[in-house]
Number of protein chains: 4
Amino acid sequence: MGMAKAVGIAMVGHAFMGRAHANAIRQVGHFFDLPFELVARVVVGRDTRRVEAARKQLGFVEASTDLAAVLARKDVQIIDIATPNDSHAEIALSALSAGKHVLCEKPLAMDLKQARSMASLAARKKVKVGLWHNYRRCPAASLGQRMIERGDIGEVRHVRAVYLQDWLSDPGAPASWRTRRATSGSGAHGDLNAHLIDMTHFLTGLSFEEVSAMDRTFVRRRQDEAGQVSDVDVDDAMAFLARLSGGAIGTFEATRMAPGRKNFNQIEVNGSEGSIRWNLEEMNELYLFRDDEPVDSQGSRRIMCTDANHPYAAHWWPDGHLLGYEHSFVHTLADFLDCLLSEKPFSPDFADGVRVQAVLDAVLESARTRTWIEVPS
Amino acid sequence: MGMAKAVGIAMVGHAFMGRAHANAIRQVGHFFDLPFELVARVVVGRDTRRVEAARKQLGFVEASTDLAAVLARKDVQIIDIATPNDSHAEIALSALSAGKHVLCEKPLAMDLKQARSMASLAARKKVKVGLWHNYRRCPAASLGQRMIERGDIGEVRHVRAVYLQDWLSDPGAPASWRTRRATSGSGAHGDLNAHLIDMTHFLTGLSFEEVSAMDRTFVRRRQDEAGQVSDVDVDDAMAFLARLSGGAIGTFEATRMAPGRKNFNQIEVNGSEGSIRWNLEEMNELYLFRDDEPVDSQGSRRIMCTDANHPYAAHWWPDGHLLGYEHSFVHTLADFLDCLLSEKPFSPDFADGVRVQAVLDAVLESARTRTWIEVPS
Amino acid sequence: MGMAKAVGIAMVGHAFMGRAHANAIRQVGHFFDLPFELVARVVVGRDTRRVEAARKQLGFVEASTDLAAVLARKDVQIIDIATPNDSHAEIALSALSAGKHVLCEKPLAMDLKQARSMASLAARKKVKVGLWHNYRRCPAASLGQRMIERGDIGEVRHVRAVYLQDWLSDPGAPASWRTRRATSGSGAHGDLNAHLIDMTHFLTGLSFEEVSAMDRTFVRRRQDEAGQVSDVDVDDAMAFLARLSGGAIGTFEATRMAPGRKNFNQIEVNGSEGSIRWNLEEMNELYLFRDDEPVDSQGSRRIMCTDANHPYAAHWWPDGHLLGYEHSFVHTLADFLDCLLSEKPFSPDFADGVRVQAVLDAVLESARTRTWIEVPS
Amino acid sequence: MGMAKAVGIAMVGHAFMGRAHANAIRQVGHFFDLPFELVARVVVGRDTRRVEAARKQLGFVEASTDLAAVLARKDVQIIDIATPNDSHAEIALSALSAGKHVLCEKPLAMDLKQARSMASLAARKKVKVGLWHNYRRCPAASLGQRMIERGDIGEVRHVRAVYLQDWLSDPGAPASWRTRRATSGSGAHGDLNAHLIDMTHFLTGLSFEEVSAMDRTFVRRRQDEAGQVSDVDVDDAMAFLARLSGGAIGTFEATRMAPGRKNFNQIEVNGSEGSIRWNLEEMNELYLFRDDEPVDSQGSRRIMCTDANHPYAAHWWPDGHLLGYEHSFVHTLADFLDCLLSEKPFSPDFADGVRVQAVLDAVLESARTRTWIEVPS
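What counts and how
- Residues numbered from 1 in each chain as written.
- Chains lettered and ligands numbered in written order.
- Predicted model: local features only at pLDDT ≥ 70, side-chain atom pairs only at ≥ 80, totals over all residues.
- Heavy atoms only, no water.
- Contact = heavy atoms within 4.5 Å.
- Buried area = accessible area lost by both parts, 1.4 Å probe.
- Salt bridge = Lys/Arg side-chain N within 4 Å of Asp/Glu carboxyl O.
- Polar contact = N/O pair within 3.5 Å; in protein donor to acceptor, adjacent residues only side chain to side chain.
- Helix = DSSP H or I, 4+ residues; strand = E, 2+ residues; numbered from the N terminus.
- Pairing = 2+ DSSP bridges.
- Buried < 20%, exposed > 50% of the residue type's maximum accessible area, 1.4 Å probe, protein only.

1. A short note on the interface of chain B and chain D
Counting residues at the interface gives 18 residues for chain B, matched by 18 residues for chain D. Carbon and sulfur atoms make up 43% of the area that chain B and chain D hide from each other, which totals about 1300 Å². Three residues, Asp296, Ser297 and Arg301 of chain B, lead the burial of chain B against chain D; their summed loss comes to 44% of the area buried on that side. Between Arg150 of chain B and Asp296 of chain D there is a salt bridge; the shortest N-O distance is 2.9 Å. Taken together, the links from chain B to chain D amount to 14 residue pairs in polar contact (both at pLDDT 80 or more). At the level of secondary structure, the elements contributing two or more residues to the side of chain B that touches chain D comprise α6 (139–149) and β16 (300–304) of chain B. Looking at which element gives the most residues to the side of chain B that touches chain D, the answer is β16 of chain B, with four residues. Taken together, the three bridges between β16 of chain B and strand β16 (residues 300–304) of chain D define a ladder with antiparallel strand orientation.

2. Describing the pattern of salt bridges
All told, the structure shown has 108 salt bridges over all chains when counted by the stated rule. For Arg302 of chain D, the salt bridge is made with Glu281 of chain A, and the minimal N-O distance between the two is 3.5 Å. Note that Arg302 of chain D is positioned in strand β16 and Glu281 of chain A in the loop between β14 (274–279) and β15 (285–290), a pairing that runs across two chains. Classification of Arg302 of chain D by relative accessible area gives partly exposed; the value is 22%. Owing to a relative accessible area of 2%, Glu281 of chain A belongs among the buried residues under this scheme. Put simply, Arg146 of chain D and Asp296 of chain B hold a salt bridge, and the shortest N to O gap is 2.6 Å. With Arg146 of chain D in helix α6 (residues 139–149) and Asp296 of chain B in the loop between β15 (285–290) and β16, the pair connects residues from two separate chains. Residue classification places Asp296 of chain B among the buried residues on the basis of a relative accessible area of 7%. Through salt bridges that share partners, Arg41, Glu62, Arg73 and Asp75 of chain A make up one connected network.

3. Points about unusual backbone geometry
The omega torsion across Lys106 of chain D and Pro107 of chain D is -5°, close enough to zero to call that bond cis. Position of Pro107 of chain D among the secondary structure elements: in the loop between β5 (101–104) and α5 (112–124). Here the amide bond leading from Ser347 of chain D into Pro348 of chain D is cis, since omega sits at 5°, within 30 degrees of zero. By the element assignment, Pro348 of chain D lies in the loop between α9 (327–340) and α10 (350–369). Backbone geometry at Tyr312 of chain C places phi at a positive 70°, although glycine is not the residue there. Relative to the helices and strands, Tyr312 of chain C is located in the loop between β16 (300–304) and α9 (327–340).

As structure tokens, this is what we get:
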């Protein structure tokens with residue numbers, strides 16, 4: 001396939017997520033055949049000095065503090081949003097209005113209304129939009145989706161998902177924008193449950209019908225790094241029950257207060273004929289159980305998803321060589337670029353983000369009202 | 001200590017649970033020093049032929065179908081109840097009225113009212129009563145309790161408990177008394193959540209304040225072994241959220257529809273300074289995480305609880321030799337006998353059974369009414 | 001099947017192994033259908049007071065210090081040898097001469113010559129003999145044998161076996177008969193490698209052709225419990241390479257100096273089409289890999305061997321309920337009794353013990369001479 | 001520190017290893033602070049078309065088929081050797097003669113004599129040399145070395161290392177240069193045992209004193225991809241026993257015939273006070289056991305080595321985010337560059353390669369002569 005042309009990408013934001021996006025931008029062409037050359041054109045930030053340092057470290061051609069100017073450029077076709085949640089909508093709407101393709105860090109928006117406005121504008125534009133729900137494209141998670149889709153475990157009955165971390169377990173851990181509702185919307189919930197919800201959508205194809213939730217803030221006051229003490233007004237933990245379409249049920253829990261759990265993002269799906277289980281802390285492995293094997297030989301199988309037959313794995317190393325966290329971003333970008341100039345749909349897009357946001361909002365409302373809440377479709 | 005005298009035990013019921021109790025009765029004196037000789041005096045059943053066969057197989061001196069006559073005997077001091085749930089109350093009340101010590105299979109009763117009447121009578125009698133929540137006395141679970149009590153993990157914040165089985169996953173699995181409400185009260189809930197609730201009480205010392213529950217029956221009609229098709233009117237699965245005393249929160253789930261999970265009874269407790277985790281499928285092992293170790297050396301520790309320093313282990317084999325399911329019954333009986341003629345309290349007793357029943361009932365009501373339900377204290 | 005008659009058993013020795021044998025004697029009839037009633041007739045020891053205490057604790061009818069008198073009894077048909085290694089031969093030869101069936105603790109003898117004399121006499125008598133290589137009858141190990149025999153993993157190529165313990169790791173651990181060659185023959189080698197060798201014979205059906213060995217004593221002087229310091233003249237560790245029949249190769253290692261390893265008796269067998277792996281520390285589980293599954297679904301399967309379809313499991317509890325160390329003795333005894341009065345051969349018998357002893361001796365000679373040594377057939 | 005200047009690197013070879021090296025060259029500056037700018041100046045190959053394609057895919061400025069011309073360039077300071085084993089010596093000697101720094105893929109050479117000539121020339125030049133024993137710099141392996149060095153497990157007694165793969169298990173797997181002695185020197189041995197030997201050196205600081213080895217070729221004839229059948233004259237598997245300095249002992253095994261083992265490169269080290277264990281298939285985790293903890297709490301700890309306190313981890317992502325195979329190459333390069341222009345020694349260098357080669361050769365000789373062989377120092 002000939003290179004149609006070069007496509008330029010501009011990345012807005014350059015903190016943790018920006019570093020992961022930038023890595024994907026640099027790496028994707030070295031491991032995947034792209035339909036065009038991808039150029040890391042501009043990194044956009046607020047502080048001149050810091051954005052220039054980021055440019056150098058992250059490998060962009062230019063740095064800028066003027067988003068409007070970047071949106072006006074002809075040589076930038078994709079806007080990649082790696083900023084905190086509260087600016088996603090504004091940036092995405094501007095980018096869409098400027099006719100750019102948009103890749104946005106998850107969660108899509110601060111609430112359902114905002115998410116819908118973004119999806120609505122995207123639907124009216126002739127551009128591609130995508131969300132960085134990168135865990136979908138860990139090879140083992142992708143393999144789980146393939147198996148469920150081809151019927152390996154039958155009809156889905158149970159989803160059992162937890163996302164456990166421990167970095168706020170210590171009361172001395174500092175307050176930050178993540179512990180204040182005004183800046184973060186919610187705590188563990190929006191940060192971690194968003195992943196569990198999207199993964200459920202991805203793996204099972206089911207939707208959430210109604211939820212009953214419970215939240216908890218264990219440490220109610222924290223000192224920030226400047227020594228100022230403030231109230232923590234977001235959840236440290238949020239658990240919820242869910243009824244899913246087709247009669248399946250699910251349990252979900254996110255917390256930042258589980259000592260010893262670093263990034264324990266685990267999902268188990270039980271079907272009528274088998275089960276799968278995946279966990280980010282062992283991200284290269286998928287566990288599969290099938291009930292159609294000889295009875296004395298049935299067991300849960302640990303599949304190391306590094307074989308050329310596994311999703312994405314052939315692009316990297318020989319069998320048995322592990323991939324890491326950032327590879328999932330490279331895969332996401334590779335697929336997005338593969339769809340960019342074609343009719344192929346890319347998923348998750350903003351409509352998928354709306355579906356996640358609808359569940360996130362319903363859970364928050366359930367926790368607040370202490371009632372079951374229907375998830376709007 | 002000298003042997004005061006022989007103490008006779010009569011066991012009512014001789015199915016699965018009866019086999020486990022009888023094994024404990026036969027074995028306890030060979031591995032534990034008892035304050036008296038325990039005599040397996042009578043096994044009581046309904047069918048003359050079958051109870052005689054049980055007597056022989058299980059090692060009792062006599063068989064009987066006349067409970068009243070057994071209760072009248074002077075040489076029977078302990079009544080052990082190993083019958084289905086719906087007869088616990090009647091047998092226990094009669095036995096208590098006859099002045100016997102009573103050991104009762106869990107769950108204590110069919111509902112809270114019944115449970116309270118049993119505990120109330122027990123409290124008025126000068127006898128010892130106990131419940132066979134045997135999992136408390138798996139060495140690893142007992143060790144977990146010891147650690148939490150001595151503060152190894154700080155203040156409890158999270159309880160995360162699941163009891164997963166798969167024997168009803170196949171729609172062809174037959175209907176039985178366990179799939180009919182009239183005979184079983186509930187399905188996975190009463191059978192499995194009872195264990196999770198008691199284990200939470202045991203490990204944490206906390207109580208349940210309120211619950212929000214969701215149940216599900218995936219296979220609504222089953223054929224029994226005689227070929228008759230009937231409705232399944234109990235839950236295949238029951239999940240619930242709980243607020244516990246002291247501000248802790250918990251998630252709980254029981255199911256018989258999780259392919260590949262045979263007896264996955266797992267509980268994780270997160271405290272302010274560490275965590276423990278225990279799972280019946282690896283019953284000899286406890287996982288411990290502590291946050292006070294050198295940072296670069298922190299990790300979740302797999303403790304094989306077979307050392308002489310671990311609860312009960314010194315009574316069996318040298319370090320590294322695993323115990324099995326039935327040992328937990330032997331430990332329960334050993335402790336009960338040790339308390340029997342002394343002032344030492346035995347736990348769990350009927351009051352503990354009432355506490356479990358109160359939670360079980362509240363969960364059922366929550367699932368029915370789709371609201372949060374307070375657990376009566 | 002009707003009970004032909006009662007069969008009496010006398011057990012010689014009553015320490016750790018005696019406790020495990022006695023447990024099997026008491027339990028076997030409660031869980032297995034025996035072709036006759038087994039009577040725990042006599043326990044035999046050297047010290048009148050201690051053997052009487054053992055009788056009571058272990059559940060025998062009588063105690064005796066006079067083996068000759070016991071051998072002369074008509075109501076004793078089986079002699080069970082649970083004494084230290086250096087007395088196996090003398091007791092077994094006497095018992096065989098007296099026309100008794102003999103069950104002997106492993107290892108069969110102190111050396112190959114002695115073992116051969118025992119097997120030779122057994123072959124001339126119309127009795128059944130057996131060796132307590134109990135690990136063969138852990139359900140998971142038995143399942144592994146079944147799988148290899150039916151070809152599930154193809155032709156055996158590799159055996160990889162280790163038996164790791166840590167109880168002598170501490171230089172302060174006391175000297176005992178186990179640390180002196182005169183009383184124990186060897187150290188970790190005879191104690192632990194004997195299991196690995198027998199398990200290799202059992203699982204693969206292959207024999208050892210030649211070996212190259214290396215031993216090591218890390219702590220050369222120890223104090224015994226009386227405070228006396230003496231030389232340790234047995235191995236703390238013994239590793240060896242082996243060529244097996246049919247072109248397979250094996251690596252073997254036994255040590256008592258591996259901190260954190262309590263009873264890590266693990267064997268992995270790689271065949272031309274798959275692999276199995278078993279470990280005593282997770283004794284209810286077998287790992288199986290097969291290369292004929294869909295490529296994207298291949299993985300090592302953890303089989304919990306507690307289903308009614310697994311060896312021995314149907315005699316105990318429902319699926320998912322673990323068995324412990326001592327159950328393997330019950331299974332051994334059940335099978336032995338099942339063969340006792342029939343034409344069915346029991347394995348392992350003394351000829352099997354000779355095969356193990358031949359390898360043990362060859363390994364010792366190899367370690368001493370630092371050369372490859374052929375194993376006599 | 002200011003950027004002294006740009007340093008140019010030329011990479012010779014561009015197959016699997018070249019891809020891993022090139023990735024490190026591209027990535028190192030984005031995650032580590034380098035004392036200078038590293039320029040991926042030239043990739044060198046034999047085929048004009050293929051080397052140009054590699055240049056593009058791997059991100060070099062220029063491509064060349066003329067190594068001599070590259071060695072003559074002033075703007076190339078480092079020669080990175082990523083070719084098959086049989087050309088390492090020639091390229092390295094030329095590069096050293098040209099005054100270049102040299103990084104060489106392992107194993108250093110085809111035999112000890114060759115290795116010594118390389119180390120000897122390197123020692124006479126004022127340049128830095130390094131070997132890509134990348135597994136040393138997996139964070140978990142580096143942490144293990146740190147722990148042993150600071151005495152966390154006491155004095156080393158046992159090393160137990162295996163490197164198990166399964167890609168030649170199928171007799172239909174094609175013959176290649178790897179299955180012919182003329183091109184590969186040996187089979188699994190040189191490829192895999194080289195890693196185990198170097199890791200033993202790295203972790204323990206001990207040296208190999210003597211070895212006893214056994215090799216095996218299970219499939220003696222294979223068809224190559226062109227359909228030609230030839231003899232396999234290298235080992236499919238090589239196991240050996242070793243006596244190490246200070247009285248420690250070790251067992252080692254490499255095979256390509258272990259179904260289900262993809263890249264099972266595991267090493268366990270038992271010391272007098274604890275143990276560590278690491279396995280490439282779970283490369284982010286280190287297992288640690290220490291005997292100085294409270295007895296009832298001792299257990300093997302799984303340490304997820306992704307915390308900022310763990311080696312290298314702070315350069316990447318927040319705690320709990322896994323690294324993959326290729327990160328170990330980035331770390332190796334980062335350390336090499338950090339030493340390049342300073343007095344800091346880099347390890348492993350060619351002298352370390354000589355030590356590995358001496359053991360490899362001794363093992364081959366032992367397998368051939370069936371005797372214990374002393375390893376020359």
